Amino acid sequence: MRSLMTIALKALGVGMIKTADDGGEAIEILRLMSTDPMKAGVMSIDIILSNWQMSPVDGLMLLRWVRRHKESPDRFIPFLMVTGYADREKVMEARELGITEILAKPFSVQNVADRLIQVIERPRQFVHTSSYFGPDRRRQEMPYSGEERRKLTEEDEGVEVVYD
Amino acid sequence: MTKAAAGNKKRVQVRYYKLRNRLKEKAGGGGGARGTIAADALEAAEAEFEKMAEDYPDWVQTHINELYTFHRRCVDTPEDRTKLFKRVNEVAHDMRGQGGTFGYPLISHFGDSLYEASRVETVLDSHVEILKAHVDAMNAVIKGRVNGDGGEVGIELRKTLETAIEKYSTAE
């Protein structure tokens, strides 16, 4: 999968691609990037594309580390999970941990391009609550028809809006 | 710069981060029907994939040969089975992800089935036979260039594998 994705990304014009054997190696690279970027072989990372099923550290564990660990170099980094899992429960699990996009296998070049465009062109604001940190799970352009669970608006006192 | 910073009377319950789109700036601003990915880059990538698809049967045959080797070694050196099945699981994982991309969903199907079948703590003789049945099915797909769902041949191959799995699953 990794070699396939690398070929697709290069062909789509992505300049530098750093690969890792599993989530553990990816975490080491990210950690090293903060302390010794020369040794890590990378100065900054714009997007993470990760397989879900890896061993011993899988994509979900990597996602959790990126979003929550104090040593994570960028907790806001777009995270695209590539997976053969199609069941709703699994997708929801990744969503609750702050995934940016999911790319289902088998994928085509067009699928990869579509997800990249989504990440680049339509980034979502990040939300931080006591139980969640990650991209806004409600996509702005989509009407929401479920029960309204958001009790606060941006104007309320308990809400802080941070710009950069 | 925060809205709440001026008069923070109440504890913050929700924080929204509205970040600058640096990725878009880096990608060159974009626009157009294809967003930030130029149409010619997409076409070039698709052409690359098509070229790989032509080579896929030869490429996947090396995985199949590798699995046959693992099977033989499982038979010859039972003490190495746990280690070998870990390798089988890794190869199966790769195969299930790639087959569909290159027009061989049956390889993905059998790869997925083998991936699940090779996640065992203790490798019994029956598991080794189930491994062999999977590799035979995948070999038949590639030798016969059975792409797509394979029609009647595809149904037959699926049935044969399912029968083998059932037979060996109840054997021990």
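Our structure's up above, just so we're on the same page.
Worth saying up front: this structure is predicted, and the values here are computed from it rather than measured.

**Concerning the overall build of chain B**
Counting secondary structure elements, chain B contains 6 helices and 1 strand. Sequence-ordered secondary structure for chain B, helices as α and strands as β, is β-α-α-α-α-α-α. The buried share of chain B, taken over its 172 residues, is 40%. Put simply, of all contacts in chain B between residues at least 6 apart along the chain, 72% involve residues at least 24 apart. Entry remark: accessible area of chain B is about 9600 Å², with carbon and sulfur atoms responsible for 50%.

**Looking at a negative patch on the surface**
Residues and elements named next belong to chain B. A surface patch of like charges, here negative, comprises Glu 50, Glu 54, Asp 55 and Asp 58. Mapped onto the fold, Asp 55 is located in helix 2 (residues 39-76). On the accessibility criterion, Asp 55 (40% relative accessible area) is partly exposed.

**With respect to the pairing of strand 2 (residues 79-83) of chain A**
Residue and element names in this part refer to chain A. With 5 of 5 residues buried, strand 2 lies mostly within the body of the structure. Neither face of strand 2 is open: one carries Phe 79, Met 81 and Thr 83, the other Leu 80 and Val 82, and all of them are buried. In the sheet, strand 1 (residues 48-51) pairs with strand 2 via 4 bridges, with the strands oriented parallel. Among the inter-strand pairings, Leu 49 is bridged to a residue of strand 2, identified as Leu 80. Running through helix 4 (residues 59-68), the crossover from strand 1 to the neighbouring parallel element strand 2 is right-handed.

**What to know about the nonpolar core**
Within the largest apolar cluster, 57 residues are counted, with the highest numbers of intra-cluster contacts made by A:Leu12, A:Phe107, A:Val112, B:Leu67, B:Ile107 and B:Val141. Mapped by element, the contributors of at least two residues to this core are helix 1 (2-11), strand 2 and helix 6 (109-121) of chain A together with helix 2, helix 3 (81-98), helix 4 (105-117), helix 5 (125-143) and helix 6 (151-169) of chain B. With 12 residues, the single largest contributor to this core is helix 2 of chain B. Ignoring anything within four residues of it in the chain, the contact list for B:Leu67 reads B:Val88, B:Val91, B:Met95, B:Leu114, B:Val135 and B:Met138.

**So, the interface of chain B and chain A**
Contacts between chain B and chain A engage 46 residues on the former and 44 residues on the latter. When the buried surface of chain B facing chain A is broken down by residue, B:Tyr16, B:Tyr17 and B:Lys18 rank first, second and third, together holding 19% of it. Scanning the region where chain B abuts chain A turns up 3 salt bridges. Residue B:Arg15 is joined to A:Glu160 by a salt bridge in which the shortest nitrogen-to-oxygen separation is 2.4 Å. Counting across the chain B and chain A interface gives 17 residue pairs in polar contact (both at pLDDT 80 or more). At the level of elements, strand 1 (14-18), helix 1 (22-27), helix 2 and helix 3 of chain B are the ones that each hand at least two residues to the side of chain B that touches chain A. Residues belonging to the side of chain B that touches chain A are distributed by class as follows: 18 nonpolar, 13 polar and 15 charged.

Rules used throughout
- Starting afresh in each chain, residues are numbered from 1 along the sequence in its written order.
- Chain letters start at A and ligand numbers start at 1, both assigned in the order the entries are written.
- Side-chain atom pairs in this predicted model are given and counted only at pLDDT of 80 or more, local residue features only at pLDDT of at least 70, and totals for whole chains, interfaces and linings cover all residues.
- Side-chain measures were taken over the full set of non-hydrogen atoms in the model, leaving aside hydrogen atoms and water.
- To qualify as a helix, a DSSP run of H or I must reach at least 4 residues; to qualify as a strand, a run of E must reach at least 2; elements of each kind are numbered from the N terminus.
- In this scheme, a residue with accessible area under 20% of its type's maximum is buried, one over 50% is exposed, and one in between is partly exposed, where area comes from a 1.4 Å probe on protein chains only.
- Whether two residues are in contact is decided by their heavy atoms, any of which lying within 4.5 Å being enough.
- Only the protein chains shown count as cover for residues, and the accessible areas themselves come from Shrake-Rupley with a 1.4 Å probe.
- A patch consists of residues exposed above 30% relative accessible area that lack any salt bridge, with like charges linked at up to 9 Å and nonpolar side chains (Val, Leu, Ile, Met, Phe, Trp, Tyr) linked at up to 5 Å.
- In the sections that follow, a salt bridge refers to a side-chain nitrogen of Lys or Arg positioned within 4 Å of a carboxyl oxygen of Asp or Glu.
- Charged-residue counts in this description rest on Lys and Arg as positive and Asp and Glu as negative, His and the chain ends being excluded.
- Positions of charges follow a simple convention, taking NZ of Lys, CZ of Arg, CG of Asp or CD of Glu.
- Strands qualify as paired when DSSP identifies two bridges or more between them.
- Think of it like this: strands point away, you trace from the first strand over the helix to the second, and a clockwise trace means the crossover is right-handed.
- We call a set of buried Ala, Val, Leu, Ile, Met, Phe, Trp, Tyr and Cys residues a nonpolar core when their side-chain atoms join them within 4.5 Å.
- What gets called buried area is simply the loss in accessible area from a 1.4 Å probe that two parts show on being joined, summed for both.
- Counted as a polar contact is a pair of N or O atoms within 3.5 Å, where, for protein atoms, one must be capable of donating a hydrogen and the other of accepting one, and residues adjacent in sequence contribute only when both atoms are in side chains.
- Amino acids outside the nonpolar list (Ala, Val, Leu, Ile, Met, Phe, Trp, Tyr, Cys, Pro) and the charged list (Asp, Glu, Lys, Arg) are all regarded as polar, and Gly is one of them.

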